[in-house]
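# Coordinates in review
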Amino acid sequence: MRDSGRRRAAVPPLRGRVAVITGAARGVGEALARSLSGAGMHVALLGRERDSLREAATALSGPSLCVESDIADRASLAHAARQVEAELGPASVVVANAGIAVSGPFDRTAPELWQRVIDVNLTGSANTARAFLPQLAATRGYLLQIASTAAFGSAPMMSAYCASKAGVESFALALRGEVEPDGVQVGIAYLHWTGTDMLTGLDDDPVLEALRRNQPRIARRVHTADQVARWLTQGVTHRAPYIYAPPWLRWCQPLRPLFPALAARATRRELRRNPGATLSSPVGVLGTGGLADWNSYRASRSSGSTRADS
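Residues numbered from 1 in each chain as written. Predicted model: local features only at pLDDT ≥ 70, side-chain atom pairs only at ≥ 80, totals over all residues. Heavy atoms only, no water.

## Quick word on a positive patch on the surface
Taken together, the side chains of Arg265, Arg268, Arg269 and Arg272 make up a positively charged region of the molecular surface. The topology assignment puts arginine 269 in helix H9 (residues 259-273). Overall, the relative accessible area of 30% leaves arginine 269 in the partly exposed class. (Patch = residues over 30% accessible without salt bridge, like charges linked within 9 Å, V, L, I, M, F, W, Y side chains within 5 Å. Areas by Shrake-Rupley, 256 points an atom, 1.4 Å probe, with all protein chains shown as cover. Salt bridge = Lys/Arg side-chain N within 4 Å of Asp/Glu carboxyl O. Lys, Arg positive; Asp, Glu negative; His and termini not counted. Charge placed at Lys NZ, Arg CZ, Asp CG, Glu CD. Helix = DSSP H or I, 4+ residues; strand = E, 2+ residues; numbered from the N terminus. Buried < 20%, exposed > 50% of the residue type's maximum accessible area, 1.4 Å probe, protein only.)

## Focus on the packing of aromatic side chains
How two aromatic rings sit relative to each other is given by the distance of their centres and the angle of their planes. Taken as a whole and assessed by the stated rule, the structure comprises 5 aromatic pairs. A centroid spacing of 6.5 Å and a plane angle of 15 degrees characterise the contact between tyrosine 190 and tyrosine 242, whose relative ring orientation is stacked. Here the residue tyrosine 190 occupies a position in strand S7 (residues 185-191), and tyrosine 242 occupies one in strand S10 (residues 242-245), the gap between them amounting to 52 residues. Clustering of aromatic rings is evident, with ring pairs tying together Phe152, Tyr190, Tyr242 and Tyr244. It is arginine 176 that lies over the ring of tyrosine 242; its NZ or CZ is 4.8 Å from the centre. (Phe/Tyr/Trp six-rings, centres within 6.5 Å; stacked < 30°, edge-to-face > 60°. Lys NZ or Arg CZ within 6 Å of the ring centre and 35° of its normal.)

## Here we look at the packing of helix H2 (residues 27-38) against helix H8 (residues 225-237)
Here H2 crosses H8 at 55 degrees, and the two axes come no closer than 8 Å. In terms of orientation, H2 lies oblique with respect to H8. The handedness of the crossing between H2 and H8 comes out as right-handed. Each of Gly27, Val28, Ala31, Leu32, Arg34, Ser35 and Leu36 in H2 lies in contact with H8, whose residues at this interface are Ala225, Asp226, Val228, Ala229, Arg230, Leu232, Thr233 and Val236. Tallied by class, the residues present in the contact of H2 with H8 amount to 9 nonpolar, 3 polar and 3 charged. (Axes fitted to C-alpha atoms, helices over the stretch in contact; angles between N-to-C directions. Parallel < 35°, antiparallel > 145°, perpendicular 65-115°, else oblique. Left-handed = near helix turned anticlockwise from the far one by under 90°. Contact = heavy atoms within 4.5 Å. Nonpolar A, V, L, I, M, F, W, Y, C, P; charged D, E, K, R; others polar.)

Pasting the structure below:
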């Protein structure tokens, strides 16, 4: 009996279970898919880019499934959830990772583009939870919400992204209390500078460059997506309520009330140094993944308008 108990305890906690990752075509999502697959999980990769999803899946060591899905569309996610359960089994881990970002002044950002960031990052996370909670309740599983240090203190010129990341943090905290009686645990991951395509040309983007330059030296380091995925996998394994990537971020939590004032002070200093320079920077969608989502969204809206007109 003791030997049997030891054998059961030795089984890796993730092996053979199903993980769902949104935004899995590239970046942190793709790296996390590889990491969780390496830990023995069966992985469902959700995203907008069909070819990139398939390419990501070829690098996985275990069973996988690619589902092209728009997380801002509840019907699309509901279909994805049914497909995952039918082909891989009910999800034990769901990672709400998909996100896009726009940099530039609020009053020069097209309202539709600003709204799209909120729809993908915040509403899309809620849609993900809604679609997969029945499966997580059945498996007594774990929902991981990917947030950001943008939730710690809002950065000027990043209003939509910061609002959405503060929103998903609040959403996850509220949801945690609701689903705990069902055996579902909710974790929140705070990511800092991560070397994904969202940060390609980091030092050439006036908003991101100024934001990073005004941070302490320890906070300027850009971590690889693979390193972040390892931190996330460790947290998933332990069903952690909070995951910090990098780990030293946990010590920033008590200082959060100071961050808005520090950000405002740095902004005033930047505007005095280069009057109008930052404010005149063009509004841009950050990264290949964000552009793919925005272009796909505009194409779908355009085709919908064409059908309506006809």
